[in-house]
Amino acid sequence: MLSMQNSPYNLHPWNAGLQAESCSGSRSDIPTSRIDTLRESISSASTSGSPDDTSTDSPDWNGNGGQSPPDSDILNRLHSDVLSSRMSDDIPPKVEEVDDDDIHTVKPSEVDESSGAPATVPRKRGRPRKHPLPTPGGQAKVTKGRSKTGCITCRRRKKKCDETKPAKMPSYVKDIPRRRFGKVEGKELRMVRIEIWTCAGAKNLEARTDQTRHLAVRTQSLVTVPRNLPFLIDGIETEIDRRFLDHFVYGFSRVLTLINDDSNPFKEILLPMATQHRGLMHSLMCLSGSHLSGLDPEPKLRERKYYHFHRAIQDLKENITASSAATPQSEEDQQLLVEDPIIASTIALSLNTICEGETSGEYRPHMDAARYLLVSQQPRNEKFRQFIVEFFQYHDISNALTSLDRRPALLQGDKRMPDFVPGASAGMFLGVFDGLFNYISQVTQLRDRIRQRFNEGYEPAVDYQTLSEAVQVDTAIRNWKTSHEEDSSNWCLAQLYRQSTWVYLFRTIRPSRPSDKIAQVVDDGLAYLDRLPQDAGAYSIVLMPLFLLGCSAFLTEQRERIKKGFESLKAYSNLRNIEPAFKVVSRVWEIMDTKMEDSWDWERIISDMNMDFLIT
């Protein structure tokens, strides 16, 4: 073959004769005389070595021994003899036919004319070969093409396919457009139908993959299961909330009513109701947090307190909106616009202003909402109804003592509070259900009439009708008796309320100047205050009578005792409305010492101080 002629080993002249023999097809094509002459030349060249080399059985230079090949002049001579013999021969050599493509791939070899060896071909420029050229004479590596008969799954995974088709081939095929060089052949897409099938190995692999994926999903689901249990009570979600709850149960609830045992309505009624109503629980936790943050100035407590406040307001708005949008199903539902916890939330938020010591009227919207709900409907729970009516009346009537425009709902004719007057022993606040607060409301009404006549310029401001009504109230106060046992803490508190109510009446009817009568009643009231134990539950509602006694203390020694009373009250309850109340009393004392007559109207003094708060 011509490829053998291009081998580097075939370029040597001593292989030319052998090559010619292989090309001629038979030995008879070359004359015998030429062959004999060639043999003699070769034998003489092989024995023309060194004179000392006498070995006859040494291997020859054709690879059978260790001798070197003949010199270049002998090779040239042999080469010229062979060429001349070939040129002079009349018989043309036999040449095998080759393909045209193979001829174009043959490159002429450059041979050094002096030595006859192939010249060194300079290496082409560019990157070096990653792998060296195959060794001459070695077996060429056969490049195998990629099979395209594998299943669609293995081809998509780019894995080797065993190409085992299933016994039952699927009956569906997939049509895809045939494209060439990114362009569609023809005007219409030519579709190629490809069978979609999966080999057995790919099916087993997919089955194992599905099992692994399913196991991973199960493992992940086990890992992602929330470890935290749900909260037992909505609104009690953090450690700080637990502190708020404990403070409400064991400490704060006792400073809100006379009763500080297990029958306390804040623990017996409101707290169980709050466990079923998230908004009320947020209101109670906000109330407890406000009181606790006054004792402990930790920033986390105040931050959590504000959180409960905003959640309580948001929940209150949502419940009222939902109740207004709901269509009542019966006449009873028309009377019950909202649930009892919503009414309790408004009361708790109004108490929160007391704990915060707010003096800008922040309590007003909450008290107004509670008033509207209680006037327009009656609570369902009887115990809650009894507690909430008494609670509201106590704060509503007391609010009139420090404001010019806030008047009790009890005096507003058609908007009277529900007719519910249980036994006096059932009261949570002293003086509400046993009639004493009715007398306080009547005195407030007399004050409004006197102020109106004074502003209009009538003389005297206290007319005969006002005096007649004042005498009736005075008689009622003298005859009033409490149902509590004598010499008990609640009995002493009842006497303190009776003294302060009479002081309120006296300061309303009589001129604002020192008097033996007023001095005696103030001293007696302070004596009852001194008899109260420091840890008595009666201290929870002492602020209002202490405020009235303070606004009537013309003597210096009385003022010192009033001041100590405010300090003792603050140490017991830690309610922050005590401090602004004492500021008002101190201002009234200053006016007493300069403009005595103006000290009568402390409601206007509070308004001039830009203050508006509850003294409960």
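What you see is a predicted model; the values in this text were computed from it and never measured.

## Examining the packing of aromatic side chains
Link 1 in the chain: Applying the stated rule across the entire model yields 12 aromatic pairs.
Link 2 in the chain: Residues Tyr394 and Phe437 carry aromatic rings whose centres are separated by 5.3 Å and whose planes lie at 40° to one another, so their mutual orientation is tilted. Residue Tyr394 is found in helix α15 (residues 382–399), and its partner Phe437 is found in helix α16 (residues 436–456); the two are separated by 43 residues along the sequence.
Link 3 in the chain: For Tyr394, a relative accessible area of 1% translates into the label buried.
Link 4 in the chain: Phe437 gets classed as buried once you look at its relative accessible area, which sits at 1%.
Link 5 in the chain: Plain terms: the ring middles of Tyr504 and Trp602 are 6.2 Å apart, the flat faces sit at 40° to each other, and that makes the pair tilted. Of this pair, Tyr504 sits in helix α18 (residues 489–509) while Trp602 sits in helix α23 (residues 602–608), placing them 98 residues apart in sequence.

## A closer look at helix α17 (residues 464–479)
Link 1 in the chain: Spanning 16 residues, α17 covers 23 Å between terminal C-alpha atoms, matching the ideal 22 Å at 1.5 Å per step.
Link 2 in the chain: Taken as a whole, α17 has its buried residues at Thr466, Ala470, Val473, Asp474, Ala476 and Ile477. On an axial view of α17, the arc spanned by its buried residues comes to 165°, and they lie on one face. Opposite its buried face, α17 presents the exposed residues Tyr464, Val471, Gln472, Arg478 and Asn479, each directed more than 90 degrees away.
Link 3 in the chain: Its buried side turned inward, α17 meets α16 and α18.

## Some points on the side chain of Arg451
Link 1 in the chain: Looking at the element boundaries, Arg451 is found in helix α16.
Link 2 in the chain: Filtering out sequence-adjacent residues up to four positions away, Arg451 remains in contact with Leu404, Arg407, Trp600, Asp601, Glu603 and Arg604.

## Regarding helix α13 (residues 340–356)
Link 1 in the chain: Here α13 is 17 residues long and its end C-alpha atoms lie 25 Å apart, about the 24 Å a rise of 1.5 Å per residue gives.
Link 2 in the chain: Counting buried positions over the 17 residues of α13 gives 17, a clear majority of the element.
Link 3 in the chain: One or two steps after α13, the chain reaches Gly357, where phi turns positive at roughly 70°.

## Looking at the pattern of salt bridges
Link 1 in the chain: According to the stated counting rule, one finds 29 salt bridges in the structure shown.
Link 2 in the chain: Note that Asp368 and Arg406 form a salt bridge whose closest N and O atoms lie 2.9 Å from each other. You can see Asp368 sitting in helix α14 (residues 364–376) and its partner Arg406 sitting in the loop between α15 and α16, a full 38 residues away along the chain.
Link 3 in the chain: The class for Asp368 is partly exposed, based on a relative accessible area of 36%.
Link 4 in the chain: Taking the shortest distance from any N to any O, the salt bridge between Glu590 and Arg587 comes out at 2.9 Å. Taken together, the residues span about one helical turn, with Glu590 and Arg587 both in helix α22 (residues 578–594) at a distance of 3 residues.
Link 5 in the chain: Owing to a relative accessible area of 45%, Glu590 belongs among the partly exposed residues under this scheme.
Link 6 in the chain: Assessed through its relative accessible area of 37%, Arg587 is described here as partly exposed.
Link 7 in the chain: Residues joined in a network through salt bridges with shared partners are Arg407, Arg447, Asp448, Arg451, Asp601, Glu603 and Arg604.

## Remarks on the nonpolar core
Link 1 in the chain: Ranked by internal contacts, the top residues of the largest apolar core, which has 119 residues, are Leu284, Phe387, Leu493, Tyr497, Val542 and Phe547.
Link 2 in the chain: Looking at this core element by element, the count peaks at 12 residues for α18.
Link 3 in the chain: The residues contacting Leu284, other than those within four sequence positions of it, are Phe248, Leu270, Leu271, Ala274 and Ala348.
Link 4 in the chain: Counting residues in hydrophobic clusters, the runner-up holds 5 residues, among them Cys151, Cys154, Cys161 and Ala202.

## Side note on the packing of α13 against α14
Link 1 in the chain: Two elements in contact, α13 and α14, have axes whose closest approach is 8 Å; the angle formed by their N-to-C orientations is 150°. Judged on the interaxial angle alone, α14 and α13 are roughly antiparallel. Our pair here, α13 against α14, has a crossing hand that is left-handed. Residues Ile342, Ile343, Thr346, Ile347, Leu349 and Ser350 of α13 touch α14, and the partners they reach there are His366, Met367, Ala369, Ala370, Leu373 and Leu374.
Link 2 in the chain: Residues of the contact of α13 with α14, tallied by class, amount to 9 nonpolar, 3 polar and no charged.

Criteria and thresholds
Residues numbered from 1 in each chain as written. Predicted model: local features only at pLDDT ≥ 70, side-chain atom pairs only at ≥ 80, totals over all residues. Heavy atoms only, no water. Phe/Tyr/Trp six-rings, centres within 6.5 Å; stacked < 30°, edge-to-face > 60°. Helix = DSSP H or I, 4+ residues; strand = E, 2+ residues; numbered from the N terminus. Buried < 20%, exposed > 50% of the residue type's maximum accessible area, 1.4 Å probe, protein only. Expected span 1.5 Å × (residues − 1). Arc of directions from axis to C-beta. Contact = heavy atoms within 4.5 Å. Salt bridge = Lys/Arg side-chain N within 4 Å of Asp/Glu carboxyl O. Core = buried A, V, L, I, M, F, W, Y, C linked by side-chain atoms within 4.5 Å. Axes fitted to C-alpha atoms, helices over the stretch in contact; angles between N-to-C directions. Parallel < 35°, antiparallel > 145°, perpendicular 65-115°, else oblique. Left-handed = near helix turned anticlockwise from the far one by under 90°. Nonpolar A, V, L, I, M, F, W, Y, C, P; charged D, E, K, R; others polar.

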